[in-house]
Amino acid sequence: PLDRAARIAGRTSGDSTVAYQFAFARAVEAALEIAVPPRAVYLRALMAELERLANHLGDIGAICNDASFALMHAHCGVLREQVLRAAGAAFGHRLMRDAICPGGVAGDLTEPGAAVIRTAITEIHRRFPALVELYDNTASLQDRTVSTGILRPALARLYAAGGYVGRASGRDFDVRRAFPYPPYESLAFEISLRDDGDVNARVWVRIREVEQSVALVTRILDSLPGGPLDVEPPHANGPREGMAMVEGFRGDVLVWLRLDGQGNVARCRLRDPSWFQWPLLEAIVEGNIIADFPICNKSFNCSYSGHDL
């Protein structure tokens, strides 16, 4: 039942598959006091950073496309596709569905799989800086993103906005640092922070997070420990409750659940970061021209399915 529930959790919001599986598994492990093997912990983080990379690359291109700059969209789309193909080759599914389960991970990373990931990361490292320069030096594009859709820092704090929405408006919060979970407490990385609060700021937060994820993926692959991939969840011995947060690409994903005496999921509450971001999107479009709504909307990229959880 736990494996089936993990699969359901991982499919609630397709572009956040890993984040939901990760958070659900950690909530179960908190309830049952499970210690996950080190190799599984690192593989989970590897999947999470690949998911972050793919979605940020897709968002950067899509924002530029909504500003009628299709060239960036095409180039970012190529890089995103390489990440998805690498994930598929390494973990058996482009979105890495069914890859994380309570107690560990469902499958191992082979040497060929690691090599495919390294190739994709090398390509991003080589090509992405030129795309950043192109974005920064295209005046017509800057005219559409700078000072558009401004989210004031005070409003971001009031709504506890997470992810790139909050960090682009000065809210210094990232679960990986605020409530560090394995293996992030052992991985050095920087958190991008701006206080402009406009579309441009949200693009730049994504740009810096792409750079950090590239470094994190390399660091994880270089330090990947050996050992088992999972542990068998113990018997519940009565009702248990667990809660966990994971930093997804949009922000903090929270899962609370209750297990019954047989180890089945009796109650479960999933909270997507879009819960706090949708009302803010309504606020930032005020005062902008109608043509800027698509670019404001894409700079938030809230989850429709996530909001319904």
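Heads up: these notes are all about the structure in this document. Bear in mind the structure is a predicted one, so any value in this text is a computation, not a measurement.

Describing the nonpolar core
The biggest cluster of nonpolar side chains holds 98 residues, and the ones touching the most others in it are Leu46, Met47, Phe91, Leu109, Ile117, Ile124 and Phe128. With residues up to four places along the chain from it excluded, the contact list for Ile117 reads Leu46, Leu50, Ala86, Ala90, Phe91, Leu109, Val217 and Leu221.

Focus on the packing of helix 10 (residues 199-222) against helix 12 (residues 293-300)
Closest axis-to-axis distance for the helix 10/helix 12 pair is 10 Å, and the angle between their directions is 35°. Considering only the axes of helix 10 and helix 12, their crossing is left-handed. Only Ile295, Cys296, Lys298, Ser299 and Phe300 of helix 12 make contact with helix 10, whose side of the interface consists of Val199, Arg202 and Arg206. Tallied by class, the residues present in the contact of helix 10 with helix 12 amount to four nonpolar, one polar and three charged.

Focus: the state of the cysteines
Summed over the entire model, instances satisfying the criterion amount to zero disulfides. Between Cys64, a cysteine without a disulfide, and Cys76, which holds the nearest cysteine sulfur, the sulfur-to-sulfur distance is 6.4 Å. Between Cys268, a cysteine without a disulfide, and Cys101, which holds the nearest cysteine sulfur, the sulfur-to-sulfur distance is 16 Å.

Here is what the cut-offs are and how they apply
Residues numbered from 1 in each chain as written. Predicted model: local features only at pLDDT ≥ 70, side-chain atom pairs only at ≥ 80, totals over all residues. Heavy atoms only, no water. Core = buried A, V, L, I, M, F, W, Y, C linked by side-chain atoms within 4.5 Å. Buried < 20%, exposed > 50% of the residue type's maximum accessible area, 1.4 Å probe, protein only. Contact = heavy atoms within 4.5 Å. Axes fitted to C-alpha atoms, helices over the stretch in contact; angles between N-to-C directions. Helix = DSSP H or I, 4+ residues; strand = E, 2+ residues; numbered from the N terminus. Left-handed = near helix turned anticlockwise from the far one by under 90°. Nonpolar A, V, L, I, M, F, W, Y, C, P; charged D, E, K, R; others polar. Disulfide = S-S within 2.5 Å.

That's the geometry; what it means functionally is another story.
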